[in-house]
Amino acid sequence: MNKLVVVLLLLTGAYAAQFEDNKRLCTEENMVGCFNLGIMYMKGIRGADKDEDKALEYFSKACNGGDIDGCLNAGKYIEEGKDLKQDLFKAVEFYTKACDGGEAYGCMILANLYRYGKRVITPDSKKAAEYYKIVCEKGYSDGCIQYDKIR
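Let me begin by describing the structure that accompanies this report. (Residues numbered from 1 in each chain as written. Predicted model: local features only at pLDDT ≥ 70, side-chain atom pairs only at ≥ 80, totals over all residues. Heavy atoms only, no water.)

**Here's the deal with the packing of helix α4 (residues 68-80) against helix α6 (residues 104-116)**
What describes two packed helices is the angle between their axes and the distance between those same axes.
Part 1: Relative to each other, α4 and α6 sit at 35 degrees, their axes nearing to 10 Å. Once α4 is placed against α6, the crossing between them reads as left-handed. Facing α4, whose interface residues are Leu-72, Lys-76 and Glu-79, α6 presents Tyr-105, Gly-106, Ile-109 and Leu-113. (Axes fitted to C-alpha atoms, helices over the stretch in contact; angles between N-to-C directions. Helix = DSSP H or I, 4+ residues; strand = E, 2+ residues; numbered from the N terminus. Left-handed = near helix turned anticlockwise from the far one by under 90°. Contact = heavy atoms within 4.5 Å.)

Structural data, given as structure tokens:
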């Protein structure tokens, strides 16, 4: 039992150190640190309480600093967040940054949004085809299949 307590104390200290390291890195404009803080707040791990607002804040900061994974996560959070005001137009902005940064999944999300429409996004097969083509050109067969279907 004493060994378990010691291990838990060591892990708690290590997690707190990771949290503080990422906080420092983010403050120093290291976008990986900001992205990591977003993950910590998203999951409520490593010394961070689960907090969607803070997760979005750090994903947004990472995105604005050029981290495309931050853009993708910010888009997903603002599109689907449980405790956040959902804003599909803002999510599209984040997905577009991710896609423009080379993230094929961001392009695929945009393609599907424009193909099928969603709430305030009106279906637009031309835009959908453009995004499916990008996904295809990045080597993802599903993008090629969907591009061929929609052309």
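**Here we look at the state of the cysteines**
Part 1: On inspection of all chains with the given rule, the structure shows four disulfides.
Part 2: Between the sulfur atoms of Cys-26 and its disulfide partner Cys-34 the distance amounts to 2.0 Å. The sign of the S-S torsion, about 95 degrees, decides the handedness of the disulfide formed by Cys-26 and Cys-34: right-handed.
Part 3: When its relative accessible area of 0% is taken as the criterion, Cys-34 is described as buried.
Part 4: Across the protein, the disulfide pattern expressed with sequentially numbered bonded cysteines is 1-2, 3-4, 5-6, 7-8. (Disulfide = S-S within 2.5 Å. Buried < 20%, exposed > 50% of the residue type's maximum accessible area, 1.4 Å probe, protein only.)

**Description of the packing of aromatic side chains**
Part 1: On inspection of all chains with the given rule, the structure shows five aromatic pairs.
Part 2: With centroids separated by 5.9 Å and ring planes inclined at 75 degrees, the aromatic side chains of Phe-19 and Tyr-41 adopt a geometry described as edge-to-face. With a gap of 22 residues between them, Phe-19 in helix α1 (residues 2-27) and Tyr-41 in helix α2 (residues 31-43) connect regions that are remote in the sequence. Summarising the burial analysis for this pair, Phe-19 and Tyr-41 share the class buried.
Part 3: Arranged with centres 6.1 Å apart and planes meeting at 5 degrees, the rings of Tyr-114 and Tyr-131 form a pair that is stacked. (Phe/Tyr/Trp six-rings, centres within 6.5 Å; stacked < 30°, edge-to-face > 60°.)

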